[in-house]
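Fold and contact review
What follows is the residue order along each chain.
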Amino acid sequence: MSAVIEIEGLRKTFHSVRNGRRVAVDGFDLLVEAGQIHGFLGPNGSGKTTTLRALLGLVRADGGRMSVLGEPSPELLPRVAGQVGAIVESPQFFGNFTGHRTLRLLARAGGVPIARVDEALELVGLRDRGDERVKGYSLGMKQRLAVASALLKDPRLLILDEPANGLDPAGIREMRDLMRSLAATGVTVLVSSHILGEIQLICDHVTIISRGRRVAAGRVDEVLAGYDRHEFLVRVAEPGRAVELLQAAELTAVVDGEALMVSGVSDPTVVSRVLGEQGLWVGELTPLRPDLESVFLELTGAYEHSSVPRQVDGSGLPHADQGEAVINLDRGVDA
Amino acid sequence: MNLVRAEIERLSARRFVQLMVVLLALAFAITAATTLAGSHKPNADELNSARAQASQARQSMEVSYQECLARQSGSLPPQDTGRYLPADCSEIDPIRQEKLPIAADYLPGVFTFAQQARPLLYFLIAFLVLFGFLVGASYIGADLNSGGVVNLLLWRPRRLTVLAAKLGTLLGAVLVLSLLASVAYLATFWVIGQTAGLPGRLDGDFWSSLAAVHGRGMVLVLLTSALGFAIATMGRHTSAALGAAAAYAVVWELGGRLVMEIIDARRPDQLMLSSHIGAWLTGEARFWDPQICAGNAGNDYCDSFYSLTWGPSLLVLLVLTGGLTAAAFAVFRRRDLL
Ligand SMILES: Nc1ncnc2c1ncn2[C@@H]1O[C@H](COP(=O)(O)OP(=O)(O)O)[C@@H](O)[C@H]1O
Ligand SMILES: [Mg+2]
């Protein structure tokens, strides 16, 4: 499979008089291959938008190498720009124009047939509202218009920065269906989000960014598998005795309330056999699979037990590095 | 080309541009209406009397001149005739006067096109200069802030091309609008002159000198448009251009002039943009410099004025605008667009 987006060691520091230096992206890597629906996941302020802006030539990177559809970016981006539809952070439109006119101007500037405007509006569900002024649009409608502008070119690569922003649940579902149907026609999609559920539902691959660095990447199921500690929740009549039996069988087990937590289980039948042989019948044996949310929270340090509100850029927290992360499962056990 | 077409549509859809065009039309209509209301076609009596008055005035000038010459050559005693007679008679030589009294001068309440066309044109140029500056600044300023530029760059990731298309569209549109406005404006007043006033002497000289003023005015309009565009591009906001213009006027044209007067700097006027604009528009601007005649102790005639001519003044305006425009492109090429 060929790389559609490659980013290596991207760095970007913002300097401003008021806020001083702010490292937005700090040696970030990203690889998106053709045909993927690639989730770009990270909490607010982790550097997603900055990365996409640098990739699209809107901000100057301080270091690193990037390419889009095989062309180094931003130097040769113009060569492939016609095949890349992108929205970066809810784009603003000129309020006095209608949605239709907004797209028509872009189509004209980009040399796209004007007929494509209606198709794009239809795709995002704005067909009947295209003749209204943009300033009368709701946030969700503006977001749809933005997506329509990205679709106008009939792109091979679609880059969407937080497209779910401002959309209602039905809108989010439509957006998801839209991305799926586009992907089915061979469009590669890179979609950034801070909402985990979204990514897990539609993406096959994911890259997780935290404080400007990649902390995990790969197929969604593989990323999850990498954090699977093979834990099971077990309910039996005598938890205390069960723990002893399981520990004797070289499994890690602790009492957790009414039930047991057993980890390091490669084969769950072992648990029921060990307990059953001693007359302890297993009432429940539930695998505790990590979901993307727990992996994400763990990797990005976004999840804390303290009562102090978490701060946006996570300053003061140790940097969560891939590999060292300890997974807290839903049950919130301190490992 | 597509880019330019799209830009034309954006530009013409701007509320601000529409507002300015309406203002232009309004100012135009008001001037035309008041002129029309205050003017009438002179009847034969009025004309005859005006002609007589004008010729009398011309004669009296000639008499003064002859008297002056006579006194200079000593053929006339220096007695007081009640006339002003300068030391240098050429000052009042009728042939050297810029303008001799003509009948139109003695026709109150009659609009004479040949006489009024130039001041009217200056007014139009002043309006168009303001128009160009404000539209140039707001066009790019609003687009930079509304994300329009970013949207466009996602489509055409060539910053210089995009900015140049905008500037080119702006200049083209301002020029076309200015030409249309001047034609409509002059034609209206010409018609007023023909029907409710006097056309005046509309000979080749008149038209060619009017055309020259007009041409210079158009150049000035284009330069200020580019200037507004360039400053707003560098400052990222429309208000940057307005602020820069206001700050320049207050700090330099007023404050700087004051300071230079206090420290007795020589020829402060030649450091002022307004002087160069004046020189460019009128062909030459004259300013007083007491030092020119400082060493001139005697009573010899000494012209203590120096002049700025249109050539060097145009160069000053071109260098300023060109420099700022180039700087705007250089800044825009590298800057982070958010
Ligand atoms: N123009 C800017 N000036 C200064 N800091 C910025 C600027 N843009 C972004 N940042 C900072 O860079 C970091 C990453 O921002 P961003 O890429 O927008 O994050 P995300 O899109 O993941 O929410 C944040 O800490 C943000 O404050
Ligand atoms: Mg963002």
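Residues numbered from 1 in each chain as written. Chains lettered and ligands numbered in written order. Predicted model: local features only at pLDDT ≥ 70, side-chain atom pairs only at ≥ 80, totals over all residues. Heavy atoms only, no water.

Here's the deal with the UniProt feature "domain: ABC transporter" (unreviewed entry) in chain A
When the UniProt feature table is mapped onto this chain numbering, "domain: ABC transporter" (unreviewed entry) sits at residues 5–236 of chain A. In residues 5–236 of chain A, helix accounts for 33% and strand for 31%; the two terminal C-alpha atoms are 51 Å from one another. (UniProt positions renumbered as here; feature names shortened; annotations may be inferred. Helix = DSSP H or I, 4+ residues; strand = E, 2+ residues; numbered from the N terminus.)

Topic: the pattern of salt bridges
Inspection of the entire model under this criterion finds 30 salt bridges over all chains. Here Asp128(A) makes a salt bridge to Arg127(A), at a shortest N to O gap of 3.3 Å. A relative accessible area of 61% means that Asp128(A) is categorised as exposed. Across the pair Arg267(B) and Asp289(B) runs a salt bridge, and its minimum N-O distance is 2.8 Å. (Salt bridge = Lys/Arg side-chain N within 4 Å of Asp/Glu carboxyl O. Buried < 20%, exposed > 50% of the residue type's maximum accessible area, 1.4 Å probe, protein only.)

Let's talk about the UniProt feature "transmembrane region" (unreviewed entry) in chain B
Residue and element names in this part refer to chain B. Under the present numbering, the feature "transmembrane region" (unreviewed entry) in UniProt falls on residues 120–142, 163–193, 213–233, 240–260 and 314–332. Helix makes up 100% of residues 120–142 and strand 0%, and the two end C-alpha atoms of the span are 32 Å apart. Span residues 240–260 is 100% helix and 0% strand, its end C-alpha atoms 27 Å apart.

Points about the domain arrangement of chain A
Here the domain parsing of chain A yields domain 1 (3–225) and domain 2 (229–288). For domain 1 of chain A and domain 2 of chain A, the distance between their C-alpha centroids amounts to 46 Å. (Domains from an automatic or database assignment.)

What to know about empty space enclosed by the protein
Evaluated as defined, the whole model comprises six cavities of 30 Å³ or more. The space that makes up the largest cavity amounts to roughly 110 Å³. For the largest cavity, the full set of lining residues is Gln92(A), Phe93(A), Phe94(A), Phe97(A), Thr102(A), Leu105(A), Leu106(A), Arg10(B), Ser146(B), Gly148(B) and Asn151(B). Looking at side-chain class alone, the lining of the largest cavity contains five nonpolar, five polar and one charged residues. (1 Å grid on protein atoms, 1.4 Å probe; cavity = no way out; pocket = protein on both sides within 12 Å on 5 of 7 lines; lining within 4 Å. Points joined across faces, edges and corners; volume = space filled by probe spheres on them. Nonpolar A, V, L, I, M, F, W, Y, C, P; charged D, E, K, R; others polar.)

Focus: the sheet that holds strand S7 (residues 157–161) of chain A
Residues and elements named next belong to chain A. Pairing is mixed in the open sheet, where six strands are placed in the order S6-S7-S8-S3-S9-S10. Each end of this open sheet is capped by a strand with a single partner; those strands are strand S6 (84–87) and strand S10 (213–219). Averaged over all adjacent pairs, the angle separating strand axes in this sheet is 10°, with direction ignored. Pairing between S7 and strand S8 (residues 188–193): five bridges, direction parallel. Looking at the pairing, Ile159 lines up with Leu190 of S8. Each of strand S3 (37–41), strand S9 (205–210) and S10 touches helix H11 (residues 292–300); the most contacted strand, S9, lies at about 30° to it. (Pairing = 2+ DSSP bridges. Axes fitted to C-alpha atoms, helices over the stretch in contact; angles between N-to-C directions. Contact = heavy atoms within 4.5 Å.)

Some thoughts on the interface of chain A and chain B
Taken residue by residue, the interface counts 32 residues in chain A and 27 residues in chain B. Where chain A abuts chain B, roughly 2,700 Å² becomes buried across the two surfaces, and 57% of that area is made up of carbon and sulfur atoms. At the boundary of chain A with chain B, the tally comes to four salt bridges. We note a salt bridge from Asp336(B) to Lys12(A), for which the minimum N-O separation is 2.7 Å. Mapped by element, the contributors of at least two residues to the side of chain A that touches chain B are strand S1 (3–16), helix H2 (77–80) and helix H3 (99–110) of chain A. For the side of chain A that touches chain B, the leading source of residues is H3(A), giving eight residues. Taken together, the residues of the side of chain A that touches chain B sort by class into 18 nonpolar, six polar and eight charged. (Buried area = accessible area lost by both parts, 1.4 Å probe.)

Here's the deal with unusual backbone geometry
Residue and element names in this part refer to chain A. Following Ser73, the chain continues to Pro74 via a peptide bond in cis, the omega torsion being 5°. Among the secondary structure elements, Pro74 is positioned in the loop between strand S5 (71–72) and H2. Although it is not a glycine, Arg211 sits at a positive phi angle of roughly 50°. Mapped onto the secondary structure, Arg211 falls in the loop between S9 and S10.

A short note on the nonpolar core
One recurring pattern in soluble globular proteins: nonpolar side chains tend to sit buried together. Residues and elements named next belong to chain A. In this structure, Ile5, Ile159 and Ile208 are the most contacted members of the largest nonpolar core, which totals 149 residues. Sequence-distant contacts of Ile159, that is, excluding residues within four places in its chain, are made with Ile5, Leu52, Leu55, Leu56, Val84, Gly85, Ala86, Ile87 and Leu190. One finds Phe232, Ala242, Val265 and Leu280 within the second-largest nonpolar core, a separate group that totals 16 residues. (Core = buried A, V, L, I, M, F, W, Y, C linked by side-chain atoms within 4.5 Å.)

Regarding the site of ligand 1
Neighbouring residues of ligand 1: Phe14(A), Arg22(A), Ala24(A), Pro43(A), Asn44(A), Gly45(A), Ser46(A), Gly47(A), Lys48(A), Thr49(A), Thr50(A) and Leu338(B). Close to ligand 1, residues of chains A and B are found. Note that an oxygen atom of ligand 1 is positioned 3.2 Å from one of the backbone N or O atoms of Ser46(A). Within the side chain of Thr49(A), an N or O atom sits 2.6 Å from an oxygen atom of ligand 1. In isolation ligand 1 exposes 550 Å². Once the protein is present, 77% of that is buried. Put simply, the parts of the chain that give the shell around ligand 1 at least two residues each are strand S2 (20–33) and helix H1 (48–55) of chain A. Ranked by residue count, the leading element in the shell around ligand 1 is H1(A), at three residues. For the shell around ligand 1, the residue count by class is four nonpolar, six polar and two charged. (Near = heavy atom within 4 Å. Polar contact = N/O pair within 3.5 Å; in protein donor to acceptor, adjacent residues only side chain to side chain. Areas by Shrake-Rupley, 256 points an atom, 1.4 Å probe, with all protein chains shown as cover.)

Comments concerning the domain arrangement of chain B
Residues and elements named next belong to chain B. Domain annotation of chain B identifies domain 1 (2–42 + 111–334) and domain 2 (43–106). Put simply, the middle of domain 1 and the middle of domain 2, counted by C-alpha atoms, are 39 Å apart. Domain 1 puts seven residues into the contact, and the matching count from domain 2 is nine residues. Both faces combined, the contact of domain 1 with domain 2 buries some 530 Å², and carbon together with sulfur accounts for 58% of it. Counting the surface domain 1 buries against domain 2, the share from its top three residues, Pro42, Gln115 and Tyr301, is 71%. Where domain 1 touches domain 2, the interface holds zero salt bridges. Between the two partners, domain 1 and domain 2, sit one residue pair in polar contact (both at pLDDT 80 or more). Partitioned by chemical class, the residues of the side of domain 1 that touches domain 2 number three nonpolar, three polar and one charged.

As for the environment of Leu24(B)
Residues and elements named next belong to chain B. Mapped onto the secondary structure, Leu24 falls in helix H2 (residues 15–37). Using a relative accessible area of 10% as the deciding quantity, one classes Leu24 as buried. The spatial distance from the C-alpha of Leu24 to the C-alpha of Leu120 is 13 Å, given a sequence separation of 96 residues. If we ignore the near neighbours within four places in the chain, the residues touching Leu24 are Leu124, Phe127, Leu128, Leu177 and Ala181.

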